[in-house]
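# Structural overview
The chain contents come next:
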Amino acid sequence: MEITLNWYLSLSAVLFVIGVLGVLLRRNAIIIFLSIELMLNAVNLTLVAFSQAFADVDGLVLVFFVMSVAAAEAAVGLAIVIALFRNKTTVNVNEINLFRG
Amino acid sequence: MEATSVRLILLLPLLGAAINGMMGLFAPAYRKQETIIGAIGTLAVAVPFVLTVLLFLGHDHGAHIVSTYTWMAAGDLSISFDYRVDALSLIMTLIVTGIGALIHLYSMGYMHGDGGYWRFFAYLNLFIFAMLNLVLAENLLVLFLGWEGVGLCSYLLIGYWYTDLKNSAAANKAFIVNRIGDFAFLLAMFLLYQAMTTAGVAPFGLDFTTIFENADVLASGTVALIVLLLFIGATGKSAQIPLFVWLPDAMAGPTPVSALIHAATMVTSGLYLLARLSPVVLEAPGVMMLIAFVGAITAIMAATIAITQNDIKKVLAYSTVSQLGYMFVAAGVGAFFVAIFHVLTHAFFKACLFLGSGSVIHAMHHVEHDLEHKGVLPSSDLPYDGHFDAQDMRTMGGLKNHMPITRWTFLISTLAIAGIPFLAGFFSKDEILFKAFELGYNGATWAFVVWGIGIVTAILTAIYMMRCYMLTFEGRERWPGAMDTKPHESPWTMTVPLVVLAIGAALTGYIGLPPLIAEVLGTESWIHHYLGAEYGGPVAEFKAEHHVPHLTEGILLGVGALIAVVGVWLAWANYRKSGLETDNTIRRRLGAVYTLFANKYFVDEAYDATVVKPITEGSRKGLAPFDQNVVDGTVNGLAKSVSGLSGWWRGMQTGIVQNYALALVLGVVVVVALMIFV
């Protein structure tokens, strides 16, 4: 059985939805953070798949961009989580509602 | 040269007001520098007076327009700050600056030691500036600017001692009553502009030159309405029925203010307006008849009230209303130049009388102070309730021995206003009565009625003015402890203006000799030649077709002189013999009528019942609930509903980031769904 573009896209969609659900439903800031990474990598997967399918390197180039941005984001994000923990002694986002109107 | 002079004349008083006002406001140490403040204030009016005299001497009898700049321009309407130098405006400017300068000098002495010295001089200079704008203006709007300006300054100066609620109330009354008149003035301007532009006069900037050139395009009904509205405006400023009630109350201000604003200058601006527009006013004979009657009735009404007053300034205030009534009679019978002539003579003798009364009040204040010091006051044997009143003539008397200069100048002015022959008032008042008679002789029977009222008023004037003099300066000294507490003559800054004004009160009449006397002397009435339109001046007049015979004219002159002498003699003889008792005799003789006079015909009470009460009560019962329930209810209800709605909206802002993210995702889902299915 040949693995077509649709397989890759389906897997990517599943991964992305898992990531979205993680962000929306989990309460631990670190888990939410990991879920975001999952969403980014789901997108990476589609990019690679299209690049393969259309024999175009543009997609691959973009993947490198995404990965470098994700690395930077990971550094900043973790720093924020640590700062948050120092102030609130919790990483449960339910308890962090400074924006409440 | 002329343009520069006019600008300086206008701007120097404004500069004086600015210096004294600003320095006094921002540099408290300056407030104590009375000499500097007074000198600046006085020079700011004296220098313009000198300039005006030079302008007057070099004047070629024509009308010169001095343009400065355009104030506003919109379509066909273009209003400029233009000023008009002609015979009429020069006479008025001479009165305003000349008498103004004297009264400034007088104020230096009178206001000595007052905490608001700087404020007083700033207001006074500002008044002169506004008044000069009024008399020099070339168009109605600039005139109106001055008109409102003098009203404002009058308000500020009546309420000068504003810590006393009574004075503030008087100031408010003056301002509000004046505003009623000003409203009519505004309507007159609107109507004039509308009528003129509809008739195709464009561009039209409400300027007198255009008005005079195009007066004939207006329908006679429109002219009558415009003149009527202008006259209503004049009744406000010049204190005529029905708007005269503010002037007696305006005496709450310092006495120099009463002399300058409420006797010599501001209150004559209504007359000035009518004289300035005399070619137009003459086109409305019906309204002129009304003007003459209003003037005559005001004159006799105020004169009868004046007989019953005990406050020296109130007597003079009602006397002013009465004399203004005479001036309106002159305007009403078409003798505008005579009205201006009486404005001039009246400015001298009434300013002198007011300043004289100020000098008396000044002296009586010192007496009051001495008496308090000696422990005589507060005293229970005053002829009235309450505190010692430095303005009440019942506690004066015998001042002639202590204040000779004040006494003689006051006497000369009293005789002048009474119309004793060959003093100023005799010439101007007689000319007014003669003009009324002349109009009657030319077929207008109603003018005889006006003339008759004028004659009766003349004799009343002689009586009440002589009464005022007798009670103040002659007879027994009636204040408590009079044996060893004596008043003193005022300082030179106060007596010099008195002397100058008294000389004017004696001599200014000779510029307007009656035709008969002028003919006998082989000369002519100077003021008639200077102002009259038939000699190229700015003031039009009613032209009599039939001249009154010389014999009748002579008899009228004799009658005028006789009634003045009889009136003065009556008051002199009675008050010399029985002093204050004479008032009681008059009261007994007149009975209920006297009560009517003494209560000022209950005009204030009538206005209170018909206008003030309904408005205040209506506001309290109708408008206040409306304001509290409907207006406030709407505003508060709006605020409540907004706050309720936002409370409900606020629930969405949970502060939990995941909720926001959910909204975001749902949004994406919606957008994608739209892209796919629509």
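Residues numbered from 1 in each chain as written. Chains lettered and ligands numbered in written order. Predicted model: local features only at pLDDT ≥ 70, side-chain atom pairs only at ≥ 80, totals over all residues. Heavy atoms only, no water.

### What about the packing of helix α8 (residues 220-237) of chain B against helix α13 (residues 285-308) of chain B?
All names here are of chain B. Running from amino to carboxyl end, α8 crosses α13 at an angle of 20 degrees, the nearest separation of the two axes being 9 Å. Judged on the interaxial angle alone, α13 and α8 are roughly parallel. The handedness of the crossing between α8 and α13 comes out as right-handed. Packed against α8, whose contacting residues are A224, V227, L228 and F231, the element α13 presents V287, L290, I291 and V294 at the interface. When grouped by side-chain class, the residues that make up the contact of α8 with α13 number 8 nonpolar, no polar and no charged. (Axes fitted to C-alpha atoms, helices over the stretch in contact; angles between N-to-C directions. Helix = DSSP H or I, 4+ residues; strand = E, 2+ residues; numbered from the N terminus. Parallel < 35°, antiparallel > 145°, perpendicular 65-115°, else oblique. Left-handed = near helix turned anticlockwise from the far one by under 90°. Contact = heavy atoms within 4.5 Å. Nonpolar A, V, L, I, M, F, W, Y, C, P; charged D, E, K, R; others polar.)

### Let's talk about the pattern of salt bridges
Where charged atoms of side chains with opposite charge meet at close range, the side chains can pair. All names here are of chain B. Tallied over the entire structure, the rule returns 18 salt bridges over all chains. Note that E474 is salt-bridged to R407, the shortest N-O span being 3.4 Å. One end of the pair, E474, is in the loop between α18 (446-473) and α19 (492-507); the other, R407, is in helix α16 (residues 404-418), and 67 residues separate them in sequence. Residue classification places R407 among the buried residues on the basis of a relative accessible area of 14%. The salt bridge involving R620 is made with E617; its shortest N-O contact spans 2.6 Å. (Salt bridge = Lys/Arg side-chain N within 4 Å of Asp/Glu carboxyl O. Buried < 20%, exposed > 50% of the residue type's maximum accessible area, 1.4 Å probe, protein only.)

### Let's talk about unusual backbone geometry
At the junction of B:I241 and B:P242, the peptide bond is cis and its omega measures out at 5 degrees in the coordinates. Tracing the backbone through its elements, the reader meets B:P242 in the loop between α8 and α9 (246-249). At A:A55, a position not held by glycine, the phi torsion is positive, near 55 degrees. Inspection of the secondary structure assignment puts A:A55 in the loop between α2 (29-54) and α3 (58-88).

### Considerations on the interface of chain B and chain A
With 10 residues of chain B at the contact, the number on the chain A side is 15 residues. On the chain B side of the contact with chain A, B:G655, B:I656 and B:Q658 bury the most area, a combined 52% of that side's loss. Connecting chain B to chain A are 0 salt bridges. Summed over the shared surface of chain B and chain A, the result is 3 residue pairs in polar contact (both at pLDDT 80 or more). Sorting elements by how many residues they give to the side of chain B that touches chain A places helix α26 (residues 657-677) of chain B first, with 5 residues. (Buried area = accessible area lost by both parts, 1.4 Å probe. Polar contact = N/O pair within 3.5 Å; in protein donor to acceptor, adjacent residues only side chain to side chain.)

### Some details on helix α10 (residues 255-264) of chain B
Residues and elements named next belong to chain B. With 10 of its 10 residues buried, α10 lies for the most part within the structure. Among the residues of α10, T255, P256, V257, S258, A259, L260, I261, H262, A263 and A264 are the ones counted as buried. Looking at the buried side of α10, the elements it contacts are α3 (87-110), α4 (117-136), α5 (140-158), α9, α14 (312-332) and α15 (336-374).

### Things to note about the packing of helix α1 (residues 5-25) of chain A against α2(A)
Residue and element names in this part refer to chain A. At a minimum axis separation of 8 Å, α1 and α2 run at an interaxial angle of 165 degrees. By the angle class used here, α1 and α2 are roughly antiparallel. Pair α1 / α2 crosses with left-handed handedness. Across the interface between the two elements, L5, Y8, L9, L11, S12, L15, F16, I18, G19, V20, G22 and V23 of α1 pack against I32, S35, I36, L38, M39, A42, V43, L45, T46, A49, F50 and A53 of α2.

### Here we look at the packing of aromatic side chains
Two numbers describe a pair of aromatic rings. These are the distance of the centres and the angle of the planes. All names here are of chain B. The full count for this structure, using the stated rule, is 28 aromatic pairs over all chains. Where Y69 meets F81, the ring centres are 5.3 Å apart and the plane angle is 40 degrees; that geometry is what we call tilted. Pair noted here: Y69 is in strand β1 (residues 64-74) and F81 is in strand β2 (residues 77-85), with a separation of 12 residues, a long-range link. Its relative accessible area of 12% is what places F81 among the buried residues. For the ring pair F208 and F212, a centre distance of 6.3 Å and an interplane angle of 20 degrees mean the geometry is stacked. With F208 and F212 both in helix α7 (residues 208-214) and 4 residues apart, the pair spans about one turn of that helix. By relative accessible area, which is 0% here, F208 ends up buried. An aromatic cluster of three or more residues is present, and its members are Y117, F120, F121, Y160 and W161. Of note, R276 hangs over the ring of F208, and the distance from its end group to the ring centre comes to 5.7 Å. Looking at R407, its charged tip hangs above the ring of W408, at a distance of 4.2 Å from the centre. (Phe/Tyr/Trp six-rings, centres within 6.5 Å; stacked < 30°, edge-to-face > 60°. Lys NZ or Arg CZ within 6 Å of the ring centre and 35° of its normal.)

### What about a nonpolar patch on the surface?
On the surface, B:L664, B:V668, B:V670, B:V671, B:V672, B:L674, B:M675, B:I676, B:F677 and B:V678 cluster together into a nonpolar patch covering about 1100 Å² of accessible area. Along the polypeptide, B:L674 turns up in helix α26. (Patch = residues over 30% accessible without salt bridge, like charges linked within 9 Å, V, L, I, M, F, W, Y side chains within 5 Å. Areas by Shrake-Rupley, 256 points an atom, 1.4 Å probe, with all protein chains shown as cover.)

### Quick word on the environment of B:T406
Residues and elements named next belong to chain B. Secondary-structure assignment places T406 in helix α16. The class for T406 is buried, based on a relative accessible area of 0%. Remark: the alpha-carbon pair of T406 and C352, spanning 54 residues in sequence, is separated by 9.3 Å. When neighbours within four sequence positions are excluded, T406 is seen to be in contact with G356, S359, V360, F473, E489 and L498. Only 3.0 Å separates the side chain of T406 from the side chain of S359, close enough to count as a polar contact.

### As for the nonpolar core
Within the largest apolar cluster, 217 residues are counted, with the highest numbers of intra-cluster contacts made by B:L140 and B:L531. In this view, B:L140 contacts B:F185, B:M189, B:L192, B:L206, B:F208, B:I211, B:L273 and B:L277; residues no more than four positions away in its chain are not counted. Core analysis: the next-biggest nonpolar cluster, separate from the first, contains 6 residues, A:I32, A:V81, A:V91 and A:V93 among them. (Core = buried A, V, L, I, M, F, W, Y, C linked by side-chain atoms within 4.5 Å.)

### A short note on the pairing of β2(B)
Residues and elements named next belong to chain B. Here β2 lies mainly inside the structure; 7 of its 9 residues are buried. Summarising the sheet, β1 and β2 pair through 8 bridges and their orientation is antiparallel. Across the sheet, the residue bridging to H64 is V85, located in β2. Counting the residues in the hairpin turn of β1 and β2 gives 2 residues, including G75, whose phi is positive at 60 degrees. (Pairing = 2+ DSSP bridges.)

### Quick word on the side chain of B:T582
Residue and element names in this part refer to chain B. Looking at the secondary structure, you find T582 in helix α23 (residues 581-590). The exposure class assigned to T582 is buried, which follows from its relative accessible area of 6%. A distance of 2.7 Å separates a polar side-chain atom of T582 from the backbone oxygen of G579. Ignoring any residue separated from it by four or fewer positions in sequence, one finds T582 in contact with N574 and Y575.

So far we have only geometry, and geometry alone does not tell us how the molecule works.
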